[in-house]
Amino acid sequence: MTGETCPDVFELSDGNFAVIGTDRTEDLDALLPADAARADYERIVVITRDTLLRAKRDIPDA
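First, a word on what this report is: a plain description of the structure on this page. (Residues numbered from 1 in each chain as written. Predicted model: local features only at pLDDT ≥ 70, side-chain atom pairs only at ≥ 80, totals over all residues. Heavy atoms only, no water.)

We now examine the overall build of the protein. From N to C terminus, the protein includes two helices and four strands. Reading the helices (α) and strands (β) of the protein from amino to carboxyl end gives β-β-β-α-β-α. Computed over C-alpha atoms, the radius of gyration of the protein comes to 14 Å, more than 25% over the 11 Å expected from 2.2 N^0.38 for 62 residues, which places it beyond the range of a compact globule. For the protein, the C-alpha atoms occupy an extent of roughly 35 × 35 × 20 Å along the three principal directions. The 62 residues of the protein split such that 10% are buried. Counted over contacts in the protein with a minimum sequence separation of 6, partners at least 24 positions apart contribute 35%. Summed over all atoms, the accessible surface of the protein reaches about 5,700 Å², with 51% contributed by carbon and sulfur. For the protein, the distance from the average position of its 7 positive side-chain charges to the average position of its 14 negative side-chain charges is 7 Å. (Helix = DSSP H or I, 4+ residues; strand = E, 2+ residues; numbered from the N terminus. Rg over C-alpha atoms; globule rule 2.2 N^0.38 Å. Buried < 20%, exposed > 50% of the residue type's maximum accessible area, 1.4 Å probe, protein only. Contact = heavy atoms within 4.5 Å. Areas by Shrake-Rupley, 256 points an atom, 1.4 Å probe, with all protein chains shown as cover. Lys, Arg positive; Asp, Glu negative; His and termini not counted. Charge placed at Lys NZ, Arg CZ, Asp CG, Glu CD.)

On the surface, F10, L12 and I20 cluster together to form a nonpolar patch covering roughly 240 Å² of accessible area. As for its position among the elements, I20 is in strand β2 (residues 17-20). (Patch = residues over 30% accessible without salt bridge, like charges linked within 9 Å, V, L, I, M, F, W, Y side chains within 5 Å. Salt bridge = Lys/Arg side-chain N within 4 Å of Asp/Glu carboxyl O.)

What follows deals with the side chain of T25. Relative to the helices and strands, T25 resides in helix α1 (residues 25-28). Discounting residues that sit within four places of it in the chain, T25 has contacts with R38, R43 and I44.

The following block contains the structure:
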């Protein structure tokens with residue numbers, strides 16, 4: 001409503017979660033650990049630690 005943007009994590013109606021953050025795929029793709037990979041259609045999105053910790057309160061345990 002204010003026109004401002006910010007990172008966020010929210011639950012979709014199908015139970016999946018969506019993340020609004022900064023696309024850092026180009027910067028971080030080569031730095032992924034050996035046991036991590038992403039598909040061509042996936043992006044590496046960065047959010048602040050604070051954003052994730054605040055969202056954690058609303059994420060169910062099961």
